Amino acid sequence: MFEDYNNASNTCDNTISKEHIFNSILCTMDKTLTKNQIAMLSNTLSCTFENINFQQNTNMLSTYTVDNDALIRGFMLVKKMAGIKESSLKAYAFTIYKFIDYCKMDLKKVDTNKIRCFLLMCEKTMSLCSVDNRRRNLNTFFQYLEDEDYISKNPCRKIPRIKEGVKAKKFYTDLEIETMRDSCNNIRELALIDLLISTGIRISEVCKIMISDIDWEERTILIHGKGQKERIVPITIRCKKHLKDYIKTKKNDSEYLFSSIRKPYGKLSREAISKIIKDIGSRAGLPNITVHCFRRWFASDLNKKGIDPVVIQEILGHESFSTTQRNYLAKSTKKAKHAIDTYAM
C-alpha cells in the first residue's frame, strides 16, 4: 500500500507515481551497490514497471511515506547517476538542509515567498554570488520534484537570477607567471606549474590525469572534465620536457601523473595541489594565487595572441561561450587605446 503524494489537482488521486516507488528502491540500494549495479537496477525496474500501474488501497493505512529526507535522497541519487561530482552533490545537500532548517516544513508544500524570504535572509551575511548559488541549487532541486510529480509546480522558477555588480578580475602578468616558474624548488613543482600554464585546466582535472592519458608524440593530454566529459588539449614543448623529467624522478609506480608520496600512492588531492601552488606563490610574492588564476591567465594570453575565442572555449571545456567571455577573456586596454587614438576626433 502506497500513499499518493501528488497534489489534489492531479487527475487521478489514487494512482501512485511509479517514479516514487522507483526512487525509493534505488535510494534503499544506493549504499550497497556500485554505480554500474545501480544503473543496471534502474534499467531493470524501468522495464518491469513499464506496464504496471500502482493504486492506493483507501481502506488501509499507508505505509509509504515520502518525507523530506527521502525526497533529498532521491534527488541526490539521480544527480549522482548523472555523473555530478562529489563537491557539487555536497553543495546541493548543504543548501537544501539549510533551507529546511529555515522553513521547518514539508518540502512539497513550499511556496515561492518562503524561498524569497530564505534568500533575503542569506543576503544579510553572504555575497550576492553565494546567494545566487543557493537559489540555483534550490531551483534544481524543486525542478526535480516537479519532474518526478512530487509537486505540481517548481516554486523557485519565478525567482530571477541574483546579479552581483561586475568587478574587474585580476589577470596576472607574464612577468608574474615567469616569477612563479622561477620560484619552484623541484622538478615536480615545475612540471605542475608548466602544466597549468600550458593548458589552463581545472584543479579537479589535474587530479585525474593518468600518465597513460599523455600522448607524447602528439603532445596532447586527454582531460577528464566535468560531468564525465572528456577533451584533448595540447601542451607546449617545454611542458612536455618538464613532465618527462618529473616522471623519471617518481619513486612509485602510480598510474596517476601527480600522485601522493605516501602509500597507496593514489591521485594527489585538490587540497594538496592547492597547497603546492600557494607555497610557490608565497615564494614568488603572490600569496593569493590559486590554480584558477592560471586558467584565467591562459585564456587571456591566447586571446591577446589572436586565437579564435571559440577555440579557447573548446580548450577550456566550457559548454557556453558566454562563460568563457564573461570570466576568462580580459578586456584589452591596449586595443581600446589604439582604437581611440586611430579613430577618435
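The numbering scheme is per chain: residues are counted from 1 as the chain's sequence reads. Local features in this predicted model are restricted to residues of pLDDT 70 or higher, and side-chain atom pairs are both shown and tallied only at a pLDDT of 80 or more, whereas totals for entire chains, interfaces and linings draw on every residue. Side-chain metrics in this entry use all non-hydrogen atoms of the structure; hydrogen atoms and water are not considered.

**Section: helix H12 (residues 291–304)**
What counts here: In this description a helix means any DSSP run of H or I spanning at least four residues, a strand means any run of E spanning at least two, and both kinds are numbered starting from the N terminus. One less than the residue count of a helix, multiplied by 1.5 Å, gives the span that helix is expected to have. Exposed residues in this analysis have more than 50% of their type's maximum accessible area, buried residues have under 20%, and partly exposed residues fall in between, with area computed by a 1.4 Å probe over protein chains only.
The terminal C-alpha atoms of H12 lie 20 Å apart, and with 14 residues this matches the ideal 20 Å at 1.5 Å per residue to within 8%. Taken across its 14 residues, H12 has 12 buried, putting it largely inside the fold. Phi for Gly-306, located one or two positions after H12, is positive at around 85 degrees.

**Here's the deal with the packing of helix H8 (residues 187–199) against helix H11 (residues 270–283)**
How we decide: Angular values range over 0 to 180 degrees, each being the angle between N-to-C directions of two axes fitted as lines to C-alpha atoms, with helices fitted over their stretch in contact. Angle categories: roughly parallel below 35 degrees, roughly antiparallel above 145, roughly perpendicular from 65 to 115, and oblique for all the rest. Contacts are assigned to residue pairs that have any heavy atoms within 4.5 Å of one another.
Direction vectors running N to C along H8 and H11 enclose 95 degrees, while the axes themselves pass 11 Å from each other. Of the possible angle classes, the one that applies to H8 and H11 is roughly perpendicular. Together, Arg-188, Glu-189, Leu-192, Ile-193 and Leu-196 of H8 and Ile-273, Ile-276, Ile-277, Ile-280 and Arg-283 of H11 make up the contact between the two elements.

**Focus on the sheet that holds strand S5 (residues 230–234)**
Filter applied, for reference: What makes two strands pair is DSSP finding at least two bridges between them.
Spatially, the 3 strands line up as an open sheet ordered S3-S4-S5, and their pairing is antiparallel. Each edge of the open sheet is held by one strand with a lone partner, namely strand S3 (214–215) and S5. In this sheet, S5 lies alongside strand S4 (residues 220–224) in antiparallel orientation, the contact comprising 5 bridges. Across the sheet, His-224 pairs through a bridge with Glu-230, a residue of S5.

**Notes on the environment of Pro-234**
Along the chain, Pro-234 falls in strand S5. For Pro-234, a relative accessible area of 45% corresponds to the partly exposed category. Each C-alpha atom of the pair Pro-234 and Ser-198 lies 7.8 Å from the other, and the pair is 36 residues apart in sequence. Beyond its immediate stretch of four places on either side in the chain, Pro-234 contacts Ser-198, Thr-199, Arg-219 and Thr-220.

**Some thoughts on the pairing of S4**
Both S3 and S4 contribute to a ladder of 2 bridges, which runs antiparallel. Directly across from Ile-214, in S4, lies its bridge partner Ile-221. The antiparallel pairing of S4 with S5 creates a hairpin that spans 5 residues between the two strands, and Gly-227 there sits at a positive phi of about 60 degrees.

**Digging into the packing of helix H7 (residues 174–182) against H8**
To be explicit about the condition: Gly is placed with the polar residues, together with every amino acid not listed as nonpolar (Ala, Val, Leu, Ile, Met, Phe, Trp, Tyr, Cys and Pro) or charged (Asp, Glu, Lys and Arg).
Running from amino to carboxyl end, H7 crosses H8 at an angle of 155 degrees, the nearest separation of the two axes being 9 Å. In terms of orientation, H7 lies roughly antiparallel with respect to H8. Listed contacts from H8 to Ile-177, Met-180 and Arg-181 of H7 are Leu-190, Ile-193, Asp-194 and Ile-197. Tallied by class, residues from the contact of H7 with H8 come to 5 nonpolar, no polar and 2 charged.

**What about the pattern of salt bridges?**
Note the following rule: Salt bridge, as used here: a side-chain nitrogen of Lys or Arg that lies within 4 Å of a carboxyl oxygen of Asp or Glu.
Applying the stated criterion across every chain yields a total of 12 salt bridges. Where Asp-132 meets Arg-136, a salt bridge forms, and the shortest distance between an N and an O atom there is 4.0 Å. In this pair, Asp-132 and Arg-136 both sit in helix H6 (residues 128–147), 4 residues apart, roughly one turn of the helix. Here the salt bridges do not stand alone but share partners, grouping Glu-178, Arg-181, Asp-194 and Arg-238 into one network.

**A short note on the confidence of the model for the protein**
Defined as follows: Within a predicted model, pLDDT stands for the predictor's per-residue confidence, ranging from 0 to 100.
Taken residue by residue, the protein gives an average pLDDT of 79. The fraction at 70 or more is 75%. By mean pLDDT, strand S1 (residues 15–16) is the weakest element of the protein at 46, and S3 is the strongest at 95. Counted against residues more than four places away or in other chains, residues 58–65, with its pLDDT under 50, gives 13 contacts. Scored below 50 in pLDDT, residues 331–340 shows 2 contacts in the model against residues more than four places distant or in partner chains.

**Section: helix H4 (residues 86–103)**
The criterion, for reference: By construction, the arc corresponds to the directions joining the helix axis to the C-beta atoms.
With 18 residues, H4 should reach 26 Å at 1.5 Å per residue; the first-to-last C-alpha distance of 26 Å fits that figure. What H4 keeps buried is the set Leu-89, Tyr-92, Ala-93, Thr-95, Ile-96, Phe-99, Ile-100 and Cys-103. Projected down its long axis, H4 carries its buried residues within an arc of 165 degrees, all on one side. Turned more than 90 degrees off the buried face of H4, the exposed positions are Lys-90 and Asp-101.

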